[in-house]
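# Structural features, examined
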Amino acid sequence: MTIAELNQKHAIPGAAEIVAAGGNLPAVRISGPAHALIYLHGAHVAQWHPAGAKEVLWMSGQSLFADGKPIRGGVPICYPWFGPLGGVAGAATHGFVRNSAWELEAIRKVSAGVEVVLKLASDGASRGVWPHDFVLRHRITAGNELSMALELANTGHAPFKAEEALHTYFTVGDIRQTRVQGLAGTHYIDKVDGKKEKTQAGDIDFTGETDRVYFDTPAPAVIEDPVLRRRITISKEGSRDTVVWNPWIAKAKAMADFGDDEWTGMVCVETCNVAGNAVEVAAGSTVRMTARIAVQNI
Ligand code: TA6
């Protein structure tokens, strides 16, 4: 559908319209009182901030906005695998749905703000990469909080297991002064130290490349940002794991779609089910993973 046709069907005057955003890709722009920008490409939430707040999500100035390519920032959806696909050369990192064109199913005003529903179904191409039938719906509500619910339906005749993540990039004033709270005492795999299993002592602070998968962490995580003087709380349902990532200097330099000096202004705190906590979905059933983001001044 063209942007004009999408607006004809879905626009809500004064609240939501479809625009040609980065790379002329169609995106839903939500305006007032909260602001959000949601690409149909990858059902990708690229921007969100409540009224009166600075932008909460982070986006690289070097990000690509192109069919088949991931957007560097906002909230990429990782599915049906997280990270590289073991043993399959050329398989897209973090799965293929973040690079796919999703269908805009609905936009509606709700009490919590504006809800946008995007849908992606398996097809011949996806079955060639991953041999299961599914329908994904991403229900995003942008208001004073940002709520994202990823619903996964198994439309096939056999159960399957899948990994899933809302790989959320947050803006921070300076990662070197930022702490992540709420994961003390939990176990994690340290991907920058030989994937050793460790226990988190107190708050997470950042003194170098940080890439950790925290297992069995259903509790909220909190980003404490003394520079922007705000606290971002990430609550969740249906997610057992949390990934915390900052590429630091060398990794930032190594990524073409990540500015060399941008590493100081971002942190990923990701809502996910990965590795041993991959979701098992029975034929005909649906599972849901939700992240809810709130920001307050401190
Ligand atoms: O979530 C952390 C991570 O798995 C890191 O290892 C790093 O690869 C990051 O994701 C970004 O992955 P991407 O494929 O988007 O470059």
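Look up a bit, the structure's there.
Let me begin by describing the structure that accompanies this report. (Residues numbered from 1 in each chain as written. Predicted model: local features only at pLDDT ≥ 70, side-chain atom pairs only at ≥ 80, totals over all residues. Heavy atoms only, no water.)

### Focus: the overall build of the chain
The number of helices and strands found in the chain is three helices and 23 strands. For the chain, whose C-alpha radius of gyration is 18 Å, the value lies close to the compact-globule estimate of 19 Å for 298 residues. A total of 298 residues make up the chain; the buried ones form 54% of that total. Put simply, 61% of the contacts in the chain that link residues at least 6 apart link residues at least 24 apart. Carbon and sulfur atoms provide 51% of the accessible area of the chain, an area that totals close to 12,500 Å². (Helix = DSSP H or I, 4+ residues; strand = E, 2+ residues; numbered from the N terminus. Rg over C-alpha atoms; globule rule 2.2 N^0.38 Å. Buried < 20%, exposed > 50% of the residue type's maximum accessible area, 1.4 Å probe, protein only. Contact = heavy atoms within 4.5 Å. Areas by Shrake-Rupley, 256 points an atom, 1.4 Å probe, with all protein chains shown as cover.)

### Regarding the side chain of D225
In this fold, D225 is placed in strand 18 (residues 221-225). For the buried residue D225, which engages in no salt bridge, the nearest side chain bearing the opposite charge is R230, 4.7 Å off. Within the structure, the side chain of D225 is placed 3.0 Å from the backbone nitrogen of V227, a separation counted as a polar contact. Those residues in contact with D225, other than ones at most four positions away along the chain, are T171, V172, G173, R230 and I298. (Lys, Arg positive; Asp, Glu negative; His and termini not counted. Salt bridge = Lys/Arg side-chain N within 4 Å of Asp/Glu carboxyl O. Polar contact = N/O pair within 3.5 Å; in protein donor to acceptor, adjacent residues only side chain to side chain.)

### A closer look at the side chain of E164
The residue E164 is located in strand 11 (residues 164-166) in this model. Within the buried set, E164 has no salt-bridge partner at all; the shortest N-O distance to an opposite charge, 6.4 Å, is to R240. Apart from the residues lying within four places of it in its own chain, the contact partners of E164 are C78, Y79, L150, L152, G238, T271, C272, N273, V274, V279 and M289.

### Details of the packing of aromatic side chains
Evaluated as defined, the whole model comprises twelve aromatic pairs. An angle of 40° between the planes, with centres 6.4 Å apart, marks the rings of F96 and F134 as tilted. With F96 in the loop between strand 5 (77-78) and strand 6 (103-110) and F134 in strand 8 (residues 134-142), the pair connects residues that are 38 residues apart, well separated along the chain. On the accessibility criterion, F96 (13% relative accessible area) is buried. For F134, a relative accessible area of 1% translates into the label buried. With a centroid separation of 5.0 Å and 75° between ring planes, the pair formed by W130 and F160 is classed as edge-to-face. Taken as a pair, W130 in the loop between helix 2 (124-129) and strand 8 and F160 in strand 10 (residues 160-162) lie far apart in primary sequence, 30 residues in all. Just as W130 is buried, F160 falls in that class too. (Phe/Tyr/Trp six-rings, centres within 6.5 Å; stacked < 30°, edge-to-face > 60°.)

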